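Reading the structure
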Protein chains: 2
Amino acid sequence: MPLAEKSLIARIRRQTINQRGILTGIGDDCAVLRIPPGHETLLTTDFSLEGVHFRHNWHPAESVGHRCLTRGLSDIAAMGGQPIAAFLSLAVPRNLPQKWVDEFIRGLLTLARKFHVGLAGGDTAESPGGVLADIIVLGSVPKGTAILRSGARPGDRVYVSGHLGGSAGALQRMLDKPKRKLHPRHFSRHFFPEPRIEVGRILREKNIASAMIDISDGLSTDLTHLCEESGVGAQVQAEAIPLASIGKPSRKVDLQFALHGGDDYELLFTAPPGKLVPRIIGGVAIAQIGHITRGKRIYLIDQKGEAVELLPQGWEHFKSLSS
Amino acid sequence: MPLAEKSLIARIRRQTINQRGILTGIGDDCAVLRIPPGHETLLTTDFSLEGVHFRHNWHPAESVGHRCLTRGLSDIAAMGGQPIAAFLSLAVPRNLPQKWVDEFIRGLLTLARKFHVGLAGGDTAESPGGVLADIIVLGSVPKGTAILRSGARPGDRVYVSGHLGGSAGALQRMLDKPKRKLHPRHFSRHFFPEPRIEVGRILREKNIASAMIDISDGLSTDLTHLCEESGVGAQVQAEAIPLASIGKPSRKVDLQFALHGGDDYELLFTAPPGKLVPRIIGGVAIAQIGHITRGKRIYLIDQKGEAVELLPQGWEHFKSLSS
């Protein structure tokens, strides 16, 4: 193990917050964890690769660390679960400044603390090229209550949390003017997206959602996933889709970003027609955008009432981000 | 998502064996798993990076898949645990032949089936360079019985399973003659190492081991880890170390490979002096190689009875494997 790796492990170990649920953390062959009695275990893994999911010259290290963990936490949120512990596999090139790693870890741990998630283990290696991170988040949910993608039924209403397209809108500005740095504060949904843990938890506790997925690949792609797993179709009203506002002065993004832009980490869920769905859940606006249909296709209804088929055109990170 | 990725997920999903413990596998935001009542959860993550942990022209894809999962299973073995499910994050370059991915998955799933481990999820991405895999293995152990690195006490005996140095010995032959391909059958401990799940389980059930670690970085490095976590030292008899035999005709490896060579995936454990330790456990030879001391240092005693300090010189994959 090279010194850089050793010091990385020592640094993570020092900064790690141990917490309820983590019996043995970093420093053994495995982490040992306790799942609350009567709960099932949730597990998700997500890559964050330089040149694919982020660019060194566009994304501050702190943002990369924050986004890395958000990817995992958002998957836990989409099941209505509670996160318990995160694991980080991190490979860095030999010549990467220590400061970059420090700020990456700081971004990741700041978000972890906010959700009482301990960093309980992982792996380190020297990268053959670029920063390679894989985040694993383990969580739990009371037995039999996980909200799956497969529970949507014809007639169910379709909802989203928050506003869509803000992350892709920021990315487009960087693609348009690669040399101009964006200020993370004015594009926070791109640089520091908030996983909707609280929204997911309330939807589960109040037994509101029949199916749920997080919007990481874009509304058109993730709604397709949900419909495929449920064996249904959907109709979405274009004018009902909540558009994100970005920049300074702030401007609403184009519908295309809200339809196809990834990395929003909002929740997309369905609820039976009789179910009362609050307009605000956990401080986040909830919008009804359409309903589930018996057919297998998804249609977008425009302002004139005309329907066009909505095909998955999820934001393909690597196509935009890598040359 | 590019077609190659989509087909990869579909392929894994088709080939995946679902099993007890996995309630929801591939195809949702998270896997949902059930840990047996009265058990704690074990989790481990390990990279397998091209040019760092393996070389495309030396290691058949099937071996890369097998070794990838072995890294995770071996960590579960080292806690005395039972593996339940594996998760694979896999990024491959766009131009990688589909056949390579198929054989990688085959190698991984063949080993998974042997230990009744389901592939329950993961992530896929296009790699900016080389094959990047991160394996996550989740397992369980009855409450309070996980065998930690930190339990060794002065006077405890030190043991290893199997024979050491076989993997590093094979690697050295490839480094010496980079163009000659080794036959995996004659160097099986390198190409298809067997994780010692059964040995670990028996050591836990019979309450034999006071501390345990798997030998992935080399005896000198992993014994140092165990001693550091336990706050002790050790004496090791050079002539007691079981040397692996490799090649055809088979020859014993040099002591240096057994002392410092990584990737053997044998178990290194300690047991109190009064404890009866069988010479064979789960079909695997067990050898006593030394004992734990009160001091913090580790000494190697040669045939003449002379002691030299044994410093961690674990096999550094990337130094040998990458140019």
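Check the entry above for the structure.
What counts as what
Along every chain, residues carry numbers that run from 1 in the direction the sequence is written. Whichever chain is written first is A, and whichever ligand is written first is 1; the rest continue in order. Where local features are concerned, this predicted model is filtered to residues with pLDDT of at least 70; where side-chain atom pairs are given and counted, the filter is 80 or more; whole-chain, interface and lining totals use all residues. Calculation of side-chain values draws on the structure's entire complement of heavy atoms; hydrogens and water are dropped beforehand. The numbering of helices and of strands both runs from the N terminus, where a helix is a DSSP run of H or I of at least 4 residues and a strand a run of E of at least 2. In this treatment the radius of gyration is a C-alpha quantity, and the globule benchmark scales as 2.2 Å times the residue count to the 0.38 power. Only protein chains enter the accessibility calculation, which uses a 1.4 Å probe. A residue is then buried if its area is under 20% of the maximum for its type, exposed if over 50%, and partly exposed in between. In what follows, a contact means two residues having at least one pair of non-hydrogen atoms within 4.5 Å. All accessibility values rest on the Shrake-Rupley procedure with a 1.4 Å probe; residue burial counts only the protein chains present in the view. For the purpose of charge, His is not counted, nor are the chain termini; Lys and Arg are scored as positive and Asp and Glu as negative. The atom standing in for a charge is NZ when the residue is Lys, CZ when it is Arg, CG when it is Asp and CD when it is Glu. Lines are fitted to the C-alpha atoms to define the axes, a helix being fitted only along its stretch in contact, and any angle between axes, read from their N-to-C directions, falls within 0 to 180 degrees. Relative orientations are named as follows: roughly parallel for angles under 35 degrees, roughly antiparallel for angles over 145 degrees, roughly perpendicular for angles from 65 to 115 degrees, and oblique for any other angle. Less than a right angle of anticlockwise turn of the near helix away from the far helix marks a crossing as left-handed, whereas a clockwise turn marks it as right-handed. Amino acids are sorted into nonpolar (Ala, Val, Leu, Ile, Met, Phe, Trp, Tyr, Cys and Pro), charged (Asp, Glu, Lys and Arg) and polar (every other residue, Gly among them). Summed over both partners, buried area is the accessible surface (1.4 Å probe) that two parts give up on being assembled. Salt bridges are identified by distance alone: a Lys or Arg side-chain nitrogen within 4 Å of an Asp or Glu carboxyl oxygen. N or O atoms closer than or at 3.5 Å make up a polar contact, with two conditions inside protein: a donor-capable atom paired with an acceptor-capable one, and, for residues adjacent in sequence, both atoms drawn from side chains. Two aromatic rings, drawn from Phe, Tyr or Trp (for Trp, its six-membered ring), form a pair once their centres lie within 6.5 Å of each other, and the interplanar angle then sorts them: stacked below 30 degrees, edge-to-face above 60, tilted otherwise. Two thresholds decide whether a charge sits over a ring: the Lys NZ or Arg CZ must be within 6 Å of the ring centre and within 35 degrees of the ring normal. Pairs of strands are assigned from DSSP output, requiring at least two bridges between the strands. Our superposition of the copies is a least-squares fit, built on the C-alpha atoms of residues whose pLDDT is at least 70 in both.

Concerning the overall build of chain A
Across its full length, chain A holds nine helices and 16 strands. Its C-alpha atoms give chain A a radius of gyration of 20 Å, within 12% of the compact-globule value 20 Å for 323 residues. Projected onto its principal axes, the C-alpha coordinates of chain A cover approximately 65 × 50 × 30 Å. Per-residue burial over chain A gives 61% buried out of 323 residues. A separation of at least 24 residues holds for 83% of the contacts in chain A among residues at least 6 apart in sequence. As presented, chain A carries roughly 13,000 Å² of accessible surface, and 50% of it is formed by carbon and sulfur atoms. Between the centroid of the 39 positive side chains of chain A and the centroid of its 32 negative side chains there is a distance of 6 Å.

Points about the packing of helix α2 (residues 61-77) of chain A against helix α3 (residues 98-114) of chain A
Residues and elements named next belong to chain A. Interhelical geometry of α2 versus α3 gives an angle of 40° and a closest axis separation of 6 Å. Here α2 is positioned oblique relative to α3, judged by the angle of their axes. Crossing of α2 over α3 shows right-handed handedness. On α3, the residues that touch A61, E62, V64, G65, H66, C68, L69, T70 and L73 of α2 are W100, E103, F104, R106, G107, L108, L111 and A112. Tallied by class, the residues present in the contact of α2 with α3 amount to 10 nonpolar, four polar and three charged.

What about the interface of chain A and chain B?
Taken together, the contact pairs 57 residues of chain A with 56 residues of chain B. Summing both sides of the interface, chain A and chain B together bury roughly 4,500 Å²; the carbon and sulfur share of this comes to 58%. Among the residues of chain A in contact with chain B, D29(A), L43(A) and F47(A) are the three that bury the most area, contributing 16% of the side total. Our count for the chain A to chain B interface comes out at eight salt bridges. For R71(B), the salt bridge is made with D123(A), and the minimal N-O distance between the two is 3.8 Å. Scanning the region where chain A abuts chain B turns up 19 residue pairs in polar contact (both at pLDDT 80 or more).

Examining the packing of aromatic side chains
Under the definition given, this model contains six aromatic pairs over all chains. Ring geometry for F54(A) against W100(A): centres 6.3 Å apart, planes inclined by 25°, an arrangement best described as stacked. One end of the pair, F54(A), is in the loop between β3 (39-49) and α2; the other, W100(A), is in helix α3, with 46 residues separating them in the sequence. An angle of 15° between the planes, with centres 5.2 Å apart, marks the rings of Y159(B) and F269(B) as stacked. On the criterion of sequence distance, the pair formed by Y159(B) in strand β7 (residues 157-161) and F269(B) in strand β12 (residues 266-271) is long-range, its members being 110 residues apart. Just as Y159(B) is buried, F269(B) falls in that class too. Of the aromatic side chains, those joined through ring pairs into one cluster are F54(A), W100(A) and F104(A). The ring of W58(A) has R55(A) sitting right over it, with the charged end atom 4.2 Å from the ring centre.

Focus: the sheet that holds strand β4 (residues 82-92) of chain B
Within the open sheet, the six strands sit side by side as β1(A)-β2(A)-β3(B)-β6(B)-β4(B)-β5(B). Their pairing is mixed. Of all strands in the sheet, those with a lone pairing partner are β1 (22-24) of chain A together with β5 (118-126) of chain B, marking the two edges. When the angles between neighbouring strand axes are averaged without regard to direction, this sheet yields 25°. Note: β4(B) against strand β6 (residues 132-142) of chain B, nine bridges, orientation antiparallel.

What to know about the environment of D302(A)
Residues and elements named next belong to chain A. Inspection of the secondary structure puts D302 in the loop between β15 (298-301) and β16 (307-309). Take D302: its relative accessible area is 31%, and that puts it in the partly exposed class. Residues D302 and E126 lie 176 residues apart in sequence; the distance between their C-alpha atoms is 51 Å.

Brief notes about the pairing of β15(A)
Residues and elements named next belong to chain A. Here strand β9 (residues 233-237) pairs with β15 via four bridges, running parallel. Considered in β15, the bridge of A234 is made with I298. In the sheet, β15 pairs with β16 via three bridges, with the strands oriented antiparallel. When the bridges of β16 are listed, Y299 appears paired with E309. Taking the residues that link successive antiparallel strands as the turn, the β15-β16 hairpin has five residues, and the phi of G305 there is positive, at about 85°.

Some details on the relation of the copies chain A and chain B
For the match of chain A to chain B, the screw axis carries a shift of 0.0 Å, the RMSD comes to 0.0 Å, and the turn is 180°. Those values place the two copies in the arrangement expected of a two-fold rotation axis. In this assembly the copies share their binding face: 98% of the residues contributing to the interface of chain A also contribute to that of chain B.

Some words on the sheet that holds β3(A)
Strand order in the open sheet formed by six strands is β5(A)-β4(A)-β6(A)-β3(A)-β2(B)-β1(B), with mixed pairing between adjacent strands. The sheet is open, and its two borders are formed by β5 (118-126) of chain A together with β1 (22-24) of chain B, each paired with just one other strand. The mean angle between the axes of side-by-side strands here comes to 25°, regardless of whether they run parallel or antiparallel.

A closer look at the environment of V141(B)
Residues and elements named next belong to chain B. Following the sequence through the fold, V141 ends up in strand β6. With 105 residues separating them in the primary sequence, V141 and P36 have C-alpha atoms 8.8 Å apart. For V141, the contacting residues outside a window of four places in its chain are H39, E40, L42, M79, G80, G81, A146 and R204.

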